[in-house]
Amino acid sequence: MDRYYVLGNPVEHSRSPYIHRFFADALHQKLSYEARLVPLDAFEQTVEGLKKEHFSGCNITVPFKEQAYRIADDLTARAEFAGAVNTLKYENGRLLGDNTDGEGLVTDLMRCGVALAGARILVLGAGGAARGILAPLLERNPSELVIANRTVQKAEVLAEHVKSIAGCSVRGTGYDQLKGHFDLVINATSSSISNNIPPLPADTIDSSTRAYDLMYSPVDTVFVTYAKSKGAEAWDGLGMLVCQAAESFFLWRGVRPETEELIRKLRSDMKK
Ligand code: NAP
């Protein structure tokens, strides 16, 4: 039986085993999928061990995405661009590294009916998650993309990095330099974890803005609550989680799982 894993530390909270087993059942695919806690200093060693057991692939979560990028024999263009790998496929003795986070986000935004072409988009944050979502967002031809971050220099560096693939204006800035309304505001900071929101000017989000928080939780995150209080439609990252997993499943198995029913089920399970 083909064997898959999610590797992380911590990893016990991961919903990936549930999600991938759900996909496998729905598509009548025979496979196993387990979470494996990897010691912080033993990522490469763990993957070498899995290769000897002829595993088929794995997802990578915190804090190993950059290490996975470094050990992959081959990389997809989007993983190369993101500088991080969340999916490894092991085939013919070679490790292919991919990053499905950005495609997961864009797929979920489309599922929510959010238009990207021609949109003025603001990405909050300049860490790993922000870097992973920029290329798939830019592929959808927004009119402008602004990256705002607490540490302004990181936003500027990231904006320079993506300019070569952008067909629109891209710039990095601090929160206090933001001007005017945005059509889509994506919170790719980890601020919601500590119940904070980035210090946005009052006119950044209004009732015509669509807002998306990469973090997800059983109740509205503080960012989703804030956006809704300004009259905006807002979503959390549960759909992105499921859609990025569906993209990994597609890379491994060549079939694309349906996501709608699972997103609904996870949402209702989370609220129990
Ligand atoms: P990271 O690399 O550690 O970056 C964290 C970012 O958040 C940095 O830009 C940091 O700014 C900013 N930040 C942290 N606290 C802040 C605060 N109180 N106010 C303003 N900015 C703050 O983290 P990451 O890997 O990019 O992850 C970011 C979020 O995305 C996490 O919540 C993660 O759970 C989520 N995520 C979700 C999915 C999904 O499938 N739904 C997938 C990937 C990631 P500085 O640079 O100034 O420190």
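The rules behind these values
Residues numbered from 1 in each chain as written. Predicted model: local features only at pLDDT ≥ 70, side-chain atom pairs only at ≥ 80, totals over all residues. Heavy atoms only, no water. Pairing = 2+ DSSP bridges. Helix = DSSP H or I, 4+ residues; strand = E, 2+ residues; numbered from the N terminus. Domains from an automatic or database assignment. Contact = heavy atoms within 4.5 Å. Buried area = accessible area lost by both parts, 1.4 Å probe. Near = heavy atom within 4 Å. Polar contact = N/O pair within 3.5 Å; in protein donor to acceptor, adjacent residues only side chain to side chain. Areas by Shrake-Rupley, 256 points an atom, 1.4 Å probe, with all protein chains shown as cover. Nonpolar A, V, L, I, M, F, W, Y, C, P; charged D, E, K, R; others polar. Salt bridge = Lys/Arg side-chain N within 4 Å of Asp/Glu carboxyl O. Buried < 20%, exposed > 50% of the residue type's maximum accessible area, 1.4 Å probe, protein only.

## A few points about the pairing of strand β6 (residues 94-98)
In the sheet, strand β4 (residues 74-75) pairs with β6 via two bridges, with the strands oriented parallel. Pairing of Asp-74 across the sheet is with Leu-96, part of β6. Here strand β5 (residues 87-91) runs beside β6; their pairing, made up of five bridges, is antiparallel. Bridged to Tyr-90 within β6 is Leu-95. As consecutive antiparallel partners, β5 and β6 are separated by two residues, and within that stretch Asn-92 has a phi angle of approximately 50°, a positive value.

## Points about the domain arrangement of the protein
According to the domain assignment, the protein contains domain 1 (2-99) and domain 2 (102-238). Taken over C-alpha atoms, the centre of domain 1 sits 27 Å from the centre of domain 2. Each partner contributes residues to the interface: domain 1 has six residues there, and domain 2 has nine residues. Taken together, both faces of the contact between domain 1 and domain 2 bury some 660 Å²; the carbon and sulfur share is 59%. Taken as a group, Arg-78, Phe-81 and Ala-82 account for 71% of the area that domain 1 buries against domain 2, more than any other trio of residues on that side.

## Regarding the site of the ligand
Around the ligand sit 20 residues in total, of which Ala-129, Asn-149, Arg-150, Thr-151 and Lys-154 are the nearest. Contact distances for the ligand include 2.5 Å between an oxygen atom and a side-chain N or O atom of Thr-151. Within the backbone of Leu-214, an N or O atom sits 2.9 Å from a nitrogen atom of the ligand. If the ligand stood free it would expose 940 Å²; the protein chains cover 75% of that surface. Of all elements in the fold, only α6 (128-139) and α9 (238-253) reach the threshold of two or more residues within the shell around the ligand. Looking at the shell around the ligand residue by residue, the class counts come to eight nonpolar, ten polar and two charged.

## A look at the environment of Arg-111
Residue position: Arg-111 is located in helix α5 (residues 101-111). Setting aside its immediate chain neighbours within four residues, Arg-111 contacts Gly-239, Thr-259, Glu-260 and Ile-263. In terms of polar contacts, Arg-111 uses its side chain to reach the side chain of Asp-108, at 2.6 Å.

## A closer look at the pattern of salt bridges
Counting across every chain of the model gives 22 salt bridges. For Lys-265, the salt bridge identified is with Asp-269, shortest N-O distance 3.5 Å. Taken as a pair, Lys-265 and Asp-269 lie in helix α10 (residues 260-271) at a separation of four residues, close to a single helical turn. According to the relative accessible area criterion, Asp-269 is partly exposed, its value standing at 28%.

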